[in-house]
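# Structure assessment
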Amino acid sequence: MSVEKQGHTKVFSPTNLQDLLSYYRDHPKAVPFAGGTYLFLRKGPRERFGGELIDLGHVSELSQISRTERYMEIGPAVSISKIINTGRHVMPRALFAALKAIGNTAVRNHATLGGNICARNHRLSTYPVLLLLDVRLELRRAGETRWINLNRFITGDEGPVLGPGELVTRIRIPFMDWDVEEFRQQERLFTPEHFIFCGIVSKQKDVISDLRTSFCIGNRRIIRTRIMEAELIGRKLPIPPADRLEMGRMLQQQIERNHPEMDNFHIHRIRRSLNWFLQILNDSE
Ligand SMILES: Cc1cc2nc3c(=O)[nH]c(=O)nc-3n(C[C@H](O)[C@H](O)[C@H](O)COP(=O)(O)OP(=O)(O)OC[C@H]3O[C@@H](n4cnc5c(N)ncnc54)[C@H](O)[C@@H]3O)c2cc1C
């Protein structure tokens, strides 16, 4: 483990998980980083930390990708570029699209999936996708390991839920057979207009057997309307225009009930995305 001092900031660079967890236990105020592309973008140059940083990028256990028949496991310090190159033929297509949408090649060469999930104040590009895929995270601190579903790691405005000295050490993505997967991201990151839609569907012949959608507004508010999803599951394709309109109305009612603060502009975008997705679903027959 090396310790480097830059101005008022100390940077610790452990090379194995045991050293990392012991160090973090003894220095719980230290700030971990992987690619640093979110942290330093948000916080400015290292000097402004004036404290301790822990560089996760040299910890071999956090930099691996593995797979079984049922799932793919990604270390939180693996770069987005490496995940794209290694997993392009096996990972869910919506996740692939979300990863490709992150920054540019230079950013993706440094940025990691761990950093994308653990960003404190924002729900970033992969989050609305991983949420639908029932992703689980391994969290570790010195002497303790636990697994948690992503939807409990971040709930509403809360999270990521990490105790002192605790880190994400593995990201497990189950393989499921999705027939239709769509991801789209619009407008500039970190603006109130930023918008992400993700929808995934599995079908049995021409019947919808599973359908999940998520919307993320302003890199903060996540919307998942399970009542509307349940309404669509079991339906035969194609969905007629009148029913699509009805789904849009139902979605709007649910949002108005659960998110009264949401303005008409965003409600309209959400309805439009749903309608677009249902059209794609009809065309997928
Ligand atoms: C030009 C540019 C464009 C960008 N475009 C996009 C975009 O389109 N979409 C998008 O989603 N993001 C974008 N980003 C932001 C960023 O690049 C990504 O979100 C990236 O995935 C963050 O990963 P990182 O490893 O750099 O995170 P870091 O900056 O290293 O860390 C982010 C946060 O996670 C915490 N953290 C990191 N790893 C762990 C861990 N294992 N356990 C616990 N906490 C941890 C850190 O303490 C920090 O709070 C962009 C950035 C730039 C500079």
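Residues numbered from 1 in each chain as written. Predicted model: local features only at pLDDT ≥ 70, side-chain atom pairs only at ≥ 80, totals over all residues. Heavy atoms only, no water.

### Notes on the overall build of the protein chain
- Summing up its helical and strand segments, the protein chain has 11 helices and 13 strands in all.
- For 285 residues, the compact-globule estimate of 2.2 N^0.38 gives 19 Å, and the C-alpha radius of gyration of the protein chain, at 20 Å, lies within 12% of that figure.
- Taking all 285 residues of the protein chain together, 46% fall into the buried category.
- When contacts within the protein chain are restricted to residue pairs at least 6 apart in sequence, those whose partners lie at least 24 apart make up 61%. (Helix = DSSP H or I, 4+ residues; strand = E, 2+ residues; numbered from the N terminus. Rg over C-alpha atoms; globule rule 2.2 N^0.38 Å. Buried < 20%, exposed > 50% of the residue type's maximum accessible area, 1.4 Å probe, protein only. Contact = heavy atoms within 4.5 Å.)

### So, the side chain of threonine 191
- With respect to the secondary-structure elements, threonine 191 resides in the loop between β10 (180-186) and β11 (195-204).
- Engagement of the side chain of threonine 191 in a polar contact is seen with the backbone oxygen of arginine 188, the distance being 2.6 Å.
- When residues no more than four places from it in sequence are discounted, the contact partners of threonine 191 are Gly218 and Asn219. (Polar contact = N/O pair within 3.5 Å; in protein donor to acceptor, adjacent residues only side chain to side chain.)

### Digging into helix α4 (residues 93-100)
- If you check which residues of α4 are buried, you get Ala94, Leu95, Ala98 and Leu99. Down the axis of α4, the buried side of the element spans an arc of 135°, and every buried residue falls inside it. (Arc of directions from axis to C-beta.)

### Description of the sheet that holds strand β5 (residues 65-67)
- Spatial strand order, β5-β6-β9-β7-β8: five strands in an open sheet with antiparallel pairing. Each having just a single partner strand, β5 and β8 (144-149) make up the two edges of the open sheet. For this sheet, the mean inter-axis angle between neighbouring strands, taken without regard to orientation, is 20°.
- This element, helix α1 (residues 17-26), spans β7 (136-141) and β9 (167-174) of the sheet and lies at about 125° to β9. (Pairing = 2+ DSSP bridges. Axes fitted to C-alpha atoms, helices over the stretch in contact; angles between N-to-C directions.)

### Concerning the pattern of salt bridges
- All told, the structure shown has 15 salt bridges when counted by the stated rule.
- Arginine 224 is the salt-bridge partner of glutamate 229, the closest N and O atoms lying 3.0 Å from each other.
- For arginine 224, a relative accessible area of 22% translates into the label partly exposed.
- Overlapping salt bridges, with partners in common, bring together Glu73, Glu138, Arg170 and Arg172 in one network. (Salt bridge = Lys/Arg side-chain N within 4 Å of Asp/Glu carboxyl O.)

### Brief notes about the packing of helix α10 (residues 241-258) against helix α11 (residues 264-283)
- Relative orientation of the contacting elements α10 and α11 amounts to 145°, with a least axis distance of 10 Å. Two packed elements cross with a definite hand, and for α10 against α11 that hand is right-handed. Contacts between α10 and α11 involve Arg244, Leu245, Met247, Gly248, Arg249, Leu251, Gln252, Ile255 and Glu256 from the first element and Ile267, Ile270, Arg271, Leu274, Asn275, Leu278, Gln279 and Asn282 from the second.
- Here the residues of the contact of α10 with α11 sort into eight nonpolar, five polar and four charged. (Left-handed = near helix turned anticlockwise from the far one by under 90°. Nonpolar A, V, L, I, M, F, W, Y, C, P; charged D, E, K, R; others polar.)

### Let's talk about the site of the ligand
- In the vicinity of the ligand, 28 residues are found, and the nearest of them are Pro32, Ala34, Thr37, Thr112 and Ser125.
- Contacts to the ligand include valine 168, whose backbone N or O atom sits 3.0 Å from a nitrogen atom.
- Starting from 980 Å² of accessible surface for the ligand in isolation, the protein chains cover 89%.
- Only β3 (31-33), α2 (39-43), α6 (113-118) and β9 provide two or more residues apiece to the shell around the ligand.
- Per-element accounting of the shell around the ligand gives the leading share, three residues, to α6.
- Taken together, the residues of the shell around the ligand break down into 19 nonpolar, nine polar and no charged.
- When residues of the shell around the ligand are sorted by domain, at least three fall in each of domain 1 (2-58) and domain 2 (60-174). (Near = heavy atom within 4 Å. Areas by Shrake-Rupley, 256 points an atom, 1.4 Å probe, with all protein chains shown as cover. Domains from an automatic or database assignment.)

### A look at the domain arrangement of the protein chain
- Examined at the domain level, the protein chain breaks down into domain 1 (2-58), domain 2 (60-174) and domain 3 (180-283).
- Using only C-alpha atoms to locate each centre, domain 1 and domain 3 end up separated by 39 Å.

### Notes on the sheet that holds strand β13 (residues 221-223)
- Pairing in this open sheet of four strands is antiparallel, and the strands run β10-β11-β12-β13 from one edge to the other. Among the strands making up the open sheet, the edge pair consists of β10 and β13. Sheet twist, expressed as the average angle between the axes of neighbouring strands with direction ignored, equals 10°.
- Here β10 pairs with β11 via seven bridges, running antiparallel. Bridged to glutamine 185 within β11 is isoleucine 196.
- Against the sheet, α4 makes contact with β10 and β11, and its axis sits at roughly 20° relative to β10, the strand it touches most.
- Across the sheet, α11 touches β10, β11, β12 (207-217) and β13, and the angle it forms with β11 is around 30°.

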